[in-house]
Amino acid sequence: MKVNIIGGGVSGLTLGCYLQMYGFRTEIFEKNKVPGGLCASWKRGGYTFDASIHWILGSGEGSAFYKLWSQLLDMKSVEFVTHETCLEIELKNSQDKYGNNIFRLYTDICRLEKYLLDIAPEDRRSIKRVVTLIRTMQKYEMPPMVCEIPELQTFRQKLKMVRYLPFVWQYLKWASVTNMQFARRLRNPFLKEAFELLFDGEEVNLLVTTMPLAFYDKKSAGYPIGGSARFADRFADRYMQLGGKINYNRDVSRVIVENGRAMALEFSDGSLAESDMTISTVDWHFTVYKALGGEFINSSIEKLASLKVLQLYPSVLMVSLGVAKTFKDFPHFFRFPLSRPYLSPDGTVYERLEVHIYNYDPTFAPEGKTSVTMSFFTRNGAFWIDLRNSDRELYDRYKSDLAANMIDELDKKFGDIKANLEVTDVATPATYHRYTGNWQGSAQGWFPGNNLMAQSPVGIDLPGLKEFYYTGQWSMPGGGLPSVLKASHDLAQKLMLKYKS
Ligand SMILES: Cc1cc2nc3c(=O)[nH]c(=O)nc-3n(C[C@H](O)[C@H](O)[C@H](O)COP(=O)(O)OP(=O)(O)OC[C@H]3O[C@@H](n4cnc5c(N)ncnc54)[C@H](O)[C@@H]3O)c2cc1C
């Protein structure tokens with residue numbers, strides 16, 4: 001059975017690997033000249049800049065996702081770095097009892113607990129509760145039975161789910177608690193401000209922090225040396241070893257449907273590729289409304305498309321710098337208040353700067369030099385996409401203005417930046433959109449709502465359309481590499497059951 005896969009991001013590549021393993025004959029069609037999609041890095045003047053991976057769940061043995069990654073990669077050959085802190089935040093208004101204004105979110109839970117209890121003994125009860133949640137999460141394989149979809153689980157396996165009851169109890173207690181609500185429970189002003197700023201001022205479910213912490217502590221939320229492109233290349237290599245074929249520079253414009261059945265892909269140059277089955281792993285909105293012309297929808301899909309069910313995950317502006325300087329003792333991921341708020345032309349006001357210092361990946365810069373990236377999230381990606389189309393000069397001017405302002409701020413904070421600056425590179429939501437086609441440049445698909453366990457609103461198929469399937473970062477709110485791996489794995493198993501057994 002011949003399967004055409006649209007998109008050579010990590011979704012398309014991992015799906016292709018699984019389908020090849022299950023005996024399907026697949027081809028991937030990717031519009032860029034390299035694999036990986038959002039999981040990208042690029043070189044400028046001897047420096048490597050990275051669009052994606054800060055950490056991936058399942059980097060260490062013993063976790064459920066490690067089992068999945070290991071089905072496709074030799075995980076032992078990937079060198080992962082586990083950081084001492086996930087994030088360090090310089091607070092604006094409060095100091096701890098030692099006069100420090102930097103909050104450190106340690107990845108070692110014992111150390112984190114000791115640190116929190118020391119700086120905020122009055123919040124002992126709340127701190128202990130969070131630690132109990134993390135410790136409970138660590139006792140269970142998350143997600144449970146990662147290697148088998150429910151249809152393949154035995155009765156015995158299903159029965160074992162009873163053991164998850166203490167986890168479910170903890171989960172239910174925390175299911176709707178956000179960082180802001182938790183902050184309101186705290187009495188210590190330093191800790192209160194730190195929790196308010198965990199997501200740079202956004203209100204997000206606290207599980208989005210505690211869940212990775214459970215993995216970090218187990219050394220299973222590491223960063224792969226070599227960065228995103230190197231990581232994605234590994235899947236492309238594996239896919240080809242399994243007999244798959246990747247066609248680069250093949251921009252799919254349409255899925256050709258006859259009698260309610262997906263028959264072929266049409267490319268921007270007018271050529272066609274026929275198949276028995278088509279699977280899209282690219283942007284959900286493009287797939288449904290452009291490639292399929294909006295013909296296979298229902299009211300649930302319409303609600304999703306009008307953003308009534310979920311919001312888009314913000315897009316991002318990235319100012320990347322190549323600096324001829326080592327940042328040996330600097331935190332790798334740091335947020336600090338700007339000297340004055342910066343009003344972006346897209347209307348977003350930035351009060352803090354988030355900086356990522358790649359002082360732990362020697363492959364990113366020549367010796368003695370460092371790649372540094374500043375990220376600015378925006379919910380108005382459309383502004384940058386439209387502006388790049390309508391007024392390229394103004395678009396370039398806005399990019400330069402952002403870079404100049406933020407380089408100034410970084411120079412004030414760290415010193416010696418401007419004097420050692422060798423390369424500047426600015427990516428905007430227009431860059432993300434142009435490169436990957438993601439809706440409004442969304443960085444990770446849908447923004448997760450409060451119910452993190454909610455079923456995905458994006459199904460694997462579309463009403464009235466046969467021999468067509470969908471998977472990708474839009475299949476699970478929050479996206480991310482482990483999610484797309486799991487979604488590819490599950491879809492491949494479903495197809496194996498349907499067509500091969
Ligand atoms: C700033 C940022 C930070 C992130 N940090 C992390 C992190 O730390 N950890 C983590 O796990 N995840 C992270 N992610 C998320 C992760 O990178 C994505 O969720 C994941 O890479 C999405 O993979 P995908 O294959 O589903 O989608 P995509 O990467 O979007 O892949 C889609 C592919 O389809 C191709 N395509 C699109 N349209 C067409 C067409 N018409 N014809 C042919 N090909 C087409 C695109 O070129 C692309 O290659 C981050 C993302 C961003 C942007």
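Residues numbered from 1 in each chain as written. Predicted model: local features only at pLDDT ≥ 70, side-chain atom pairs only at ≥ 80, totals over all residues.

As for the overall build of the chain
A count of helical and extended segments in the chain gives 16 helices and 20 strands. For 501 residues, the compact-globule estimate of 2.2 N^0.38 gives 23 Å, and the C-alpha radius of gyration of the chain, at 23 Å, lies within 12% of that figure. Seen through its C-alpha atoms, the chain measures out along the principal axes to roughly 70 × 60 × 45 Å. Relative to its full complement of 501 residues, the chain shows a buried share of 43%. Across the chain, every contact between residues at least 6 apart in sequence was considered, and the portion connecting residues at least 24 apart equals 71%. (Helix = DSSP H or I, 4+ residues; strand = E, 2+ residues; numbered from the N terminus. Rg over C-alpha atoms; globule rule 2.2 N^0.38 Å. Buried ≥ 20, exposed ≤ 12 C-beta atoms within 10 Å, placed from the backbone. Contact = placed C-beta atoms within 7 Å.)

Observations regarding the packing of helix 1 (residues 10-21) against helix 16 (residues 481-500)
Between helix 1 and helix 16, the least distance of the axes is 8 Å, while the angle of their chain directions is 35°. Crossing of helix 1 over helix 16 shows right-handed handedness. Each of V10, S11, T14, L15, Y18 and L19 in helix 1 lies in contact with helix 16, whose residues at this interface are L481, V484, L485, A487, S488, H489, L491, A492 and L495. (Axes fitted to C-alpha atoms, helices over the stretch in contact; angles between N-to-C directions. Left-handed = near helix turned anticlockwise from the far one by under 90°.)

Quick word on the sheet that holds strand 8 (residues 102-106)
Read from one edge of the open sheet, seven strands run 8-7-16-17-18-15-19, paired in mixed fashion. Of all strands in the sheet, those bounded by a partner on one side alone are strand 8 and strand 19 (421-427). Looking at each pair of strands side by side, their axes are set apart by 25° on average, direction ignored. Bridging between strand 7 (residues 85-90) and strand 16 (residues 333-343) involves two bridges; their strand directions are parallel. For E88, the partnering residue across the bridge sits in strand 16 and is F334. (Pairing = 2+ DSSP bridges.)

What about the site of the ligand?
Around the ligand, the structure places 37 residues, and the nearest of them are G7, G9, S11, G37 and L481. Only helix 1 and helix 16 provide two or more residues apiece to the shell around the ligand. Built from parts of two domains, the shell around the ligand gets at least three residues from each of domain 1 (2-76 + 227-310 + 446-500) and domain 3 (315-439). (Near = placed C-beta within 6 Å. Domains from an automatic or database assignment.)

Overview of the sheet that holds strand 14 (residues 277-280)
Strand order in the open sheet formed by five strands is 10-2-1-14-20, with parallel pairing between adjacent strands. Both edges of this open sheet fall to strand 10 (245-247) and strand 20 (468-470), since each of them pairs with a single strand only. For this sheet the average axis-to-axis angle between neighbouring strands, irrespective of direction, equals 20°. Where strand 1 (residues 2-6) and strand 2 (residues 25-29) come together, five bridges link them in parallel fashion. Counted as the bridge partner of I5 is I28 from strand 2.

Some thoughts on the pairing of strand 7
Strand direction decides the pairing type here: strand 7 and strand 8, joined by five bridges, are antiparallel. Bridge pairing in strand 8 places E88 opposite R104.

Overview of the packing of helix 4 (residues 124-138) against helix 6 (residues 165-174)
Put simply, helix 4 and helix 6 touch, their axes get as near as 9 Å, and they point 140° apart. Considering the relative orientation of helix 4 and helix 6, their crossing is left-handed. Residues L133, T136 and M137 of helix 4 form the contact with helix 6, whose own contacting residues are P166, F167, Q170 and W174. Looking at the contact of helix 4 with helix 6 residue by residue, the class counts come to five nonpolar, two polar and no charged. (Nonpolar A, V, L, I, M, F, W, Y, C, P; charged D, E, K, R; others polar.)

A word on the nonpolar core
Judged by nonpolar contacts, the single largest core of 125 residues is most densely connected at C39, A232 and F235. Once residues lying within four places of it in the same chain are set aside, the contact partners of C39 are G9, V10, S52, I53, S228, F231, A232 and L481. (Core = buried A, V, L, I, M, F, W, Y, C linked by C-beta atoms within 7 Å.)

A short note on the environment of Y171
Note on placement: Y171 falls in helix 6. Residue Y171 is classed as partly exposed on the basis of its 16 C-beta neighbours within 10 Å. As a C-alpha pair, Y171 and S52 span 119 residues in sequence and 28 Å in three-dimensional space.

Some details on the pairing of strand 17 (residues 349-357)
Where strand 16 meets strand 17, seven bridges bridge the pair, whose relative direction is antiparallel. In the strand pairing of strand 17, F336 is matched with L353. The antiparallel pairing of strand 16 with strand 17 creates a hairpin that spans five residues between the two strands, and G347 there sits at a positive phi of about 100°. Note: strand 17 against strand 18 (residues 370-378), four bridges, orientation antiparallel. For I357, the partnering residue across the bridge sits in strand 18 and is V372.

Quick look at the domain arrangement of the chain
Partitioning the chain into domains gives domain 1 (2-76 + 227-310 + 446-500), domain 2 (83-218) and domain 3 (315-439). Placing a centre on the C-alpha atoms of domain 2 and another on those of domain 3 gives a separation of 29 Å. Taken together, the residues of the side of domain 2 that touches domain 3 sort by class into two nonpolar, two polar and four charged.

A closer look at helix 14 (residues 392-414)
The terminal C-alpha atoms of helix 14, which comprises 23 residues, lie 32 Å apart, in line with the 33 Å expected from a rise of 1.5 Å per residue. Every buried residue belonging to helix 14 is among Y395, Y398, K399, L402, M406, E409 and L410, and all of these are buried. Looking at the buried positions of helix 14, the neighbouring elements they touch are strand 15 (315-323), strand 16, strand 17, strand 18, helix 13 (381-390) and strand 19. (Expected span 1.5 Å × (residues − 1).)

A word on helix 16
For helix 16, which comprises 20 residues, the first-to-last C-alpha distance of 27 Å matches the rise-based estimate of 28 Å (1.5 Å per residue) to within 8%. Residues of helix 16 that are buried include every one of L481, P482, S483, V484, L485, K486, A487, S488, H489, L491, A492 and L495, and no others. Looking at the buried residues of helix 16, the elements they touch are helix 1, strand 5 (56-57), helix 2 (64-72) and strand 20.

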